[in-house]
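# Examination of the molecular architecture
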Amino acid sequence: METVSTVAELRAHVRAWKKAGARVGVVPTMGALHEGHLSLMQAARAQADRVIATVFVNPIQFDNADDLATYPRTLEQDGRLLAGAGVDLLYAPTVGQMYPPGFATRISVSGVSEGLCGGARPGHFDGVATVVCKLFMQTLADCAFFGEKDFQQVQVVRRMVTDLDLPIEIVSCPTLREADGLALSSRNRRLSDAQRQVAVALPRALAACADEIAAGADVATALERVAQQLRAAGFGPVDYVELRHAASLQPLATCPPGTPARVLAAAWLGDVRLIDGMAVPTVAG
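For clarity, every value in this text was computed on a predicted model and none was experimentally measured. (Residues numbered from 1 in each chain as written. Predicted model: local features only at pLDDT ≥ 70, side-chain atom pairs only at ≥ 80, totals over all residues. Heavy atoms only, no water.)

## Digging into the domain arrangement of the protein
Many descriptions give the size of an interface as the accessible area lost when the pieces come together. Along its sequence, the protein is carved into domain 1 (2-173) and domain 2 (188-278). Put simply, the middle of domain 1 and the middle of domain 2, counted by C-alpha atoms, are 26 Å apart. Every contact between the two is made by 19 residues of domain 1 and, on the other side, 14 residues of domain 2. Summed over both partners, the interface of domain 1 with domain 2 buries about 1,500 Å², with 58% contributed by carbon and sulfur atoms. It is Leu116, Lys149 and Phe151 that lose the most area in domain 1 upon contact with domain 2, and together they represent 40% of the buried surface on that side. The interface formed by domain 1 and domain 2 holds 2 salt bridges in total. We note a salt bridge from Arg262 to Glu148, for which the minimum N-O separation is 3.0 Å. Counting across the domain 1 and domain 2 interface gives 5 residue pairs in polar contact (both at pLDDT 80 or more). Among the secondary structure elements, those contributing two or more residues to the side of domain 1 that touches domain 2 are helix H3 (65-70), helix H6 (116-120) and helix H8 (151-163). (Domains from an automatic or database assignment. Contact = heavy atoms within 4.5 Å. Buried area = accessible area lost by both parts, 1.4 Å probe. Salt bridge = Lys/Arg side-chain N within 4 Å of Asp/Glu carboxyl O. Polar contact = N/O pair within 3.5 Å; in protein donor to acceptor, adjacent residues only side chain to side chain. Helix = DSSP H or I, 4+ residues; strand = E, 2+ residues; numbered from the N terminus.)

## Here we look at helix H2 (residues 35-47)
With 13 residues, H2 should reach 18 Å at 1.5 Å per residue; the first-to-last C-alpha distance of 19 Å fits that figure. All buried positions along H2 are accounted for by Gly36, His37, Leu38, Leu40, Met41, Ala43 and Ala44. If you follow the buried residues of H2, they end up packed against strand E2 (24-29), strand E3 (50-55), helix H4 (75-84), strand E5 (143-147) and strand E6 (169-173). (Expected span 1.5 Å × (residues − 1). Buried < 20%, exposed > 50% of the residue type's maximum accessible area, 1.4 Å probe, protein only.)

## Digging into the UniProt feature "binding site: beta-alanine" (unreviewed entry) in the protein
Under the local residue numbering, the UniProt record ascribes the feature "binding site: beta-alanine" (unreviewed entry) to Gln61. Tracing the sequence through the fold places Gln61 in the loop between E3 and H3. Among the residues examined, Gln61 registers a relative accessible area of 9% and is labelled buried. If we ignore the near neighbours within four places in the chain, the residues touching Gln61 are Met30, Arg121, His124, Gly127, Val128 and Val131. Polar contacts involving the side chain of Gln61 include one to the side chain of Asn58, which spans 3.0 Å. (UniProt positions renumbered as here; feature names shortened; annotations may be inferred.)

## Focus on the layout of surface pockets
For the second largest pocket, the calculated volume is near 190 Å³. Val55, Phe56, Val57, Arg73 and Pro93 are the residues nearest the centre of the second largest pocket, which is lined by 15 residues in total. Counted by class, the lining of the second largest pocket contains 11 nonpolar, 2 polar and 2 charged residues. (1 Å grid on protein atoms, 1.4 Å probe; cavity = no way out; pocket = protein on both sides within 12 Å on 5 of 7 lines; lining within 4 Å. Points joined across faces, edges and corners; volume = space filled by probe spheres on them. Nonpolar A, V, L, I, M, F, W, Y, C, P; charged D, E, K, R; others polar.)

## Thoughts on the packing of aromatic side chains
Here the structure, examined in full by the defined rule, presents 4 aromatic pairs. Arranged with centres 5.8 Å apart and planes meeting at 75°, the rings of Phe62 and Tyr71 form a pair that is edge-to-face. Accessibility expressed as a relative area gives 12% for Phe62, which makes it buried. Arranged with centres 5.0 Å apart and planes meeting at 65°, the rings of Tyr99 and Phe103 form a pair that is edge-to-face. Accessibility expressed as a relative area gives 13% for Tyr99, which makes it buried. In this structure an aromatic cluster arises from ring pairing among Phe56, Tyr99 and Phe103. (Phe/Tyr/Trp six-rings, centres within 6.5 Å; stacked < 30°, edge-to-face > 60°.)

The following block contains the structure:
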């Protein structure tokens, strides 16, 4: 596996692959890779002839300078993991390569970006949409792979691709979890041992809530119970616990049988913000 850091080097590889008729897949990441990322690489390998992994800690999607400064950067280790996963090319651009002097463009996606993480982190999804669009155009990939843990992000990317007629297929992959249910995340490594024990309360509360809603429980009551459980476990603050339509991300006050819906939440453990979501089991009407 080769590592490149410029668009010119990247495009030279892609040009050769496409000339040979290869289908090219890309997995955009911010590094600090774990098994969840590697499962995306595996999905890409199954659906594409050539796979590009990108590693770039995107400064314009952070609303907190400390969060950006402390975000784990493990490029050497990431490279070893990607090589072992059969990735063909690692694209690791510098900030200057992505945002050269005079860069003045932002992509803003309305609707699906509103509320949830978009409400708690103003400008976050503008930064996500901008960097993802650039990566799509730089790699010229035919398909891109994202994890469903960042569910709102996936919907933002889908909306952008549809609205801008970008010639790329978006493939979303199920959240990979630890044995106790905690969603794999690069931020998990910042949790203390004690916080790690507390963190499992998040997926457990969300799973129970999704089942309750599927069984006909009052939505507002079920969501408030999750927030209370998280605070009691040691989380705080709780940014949100909401029920949203799985496609449009519109808030749902009720969940009639057959409605594709997700319970989504974000909450803090110390200075680590964890997000997760669970699909509401579909019950026929």
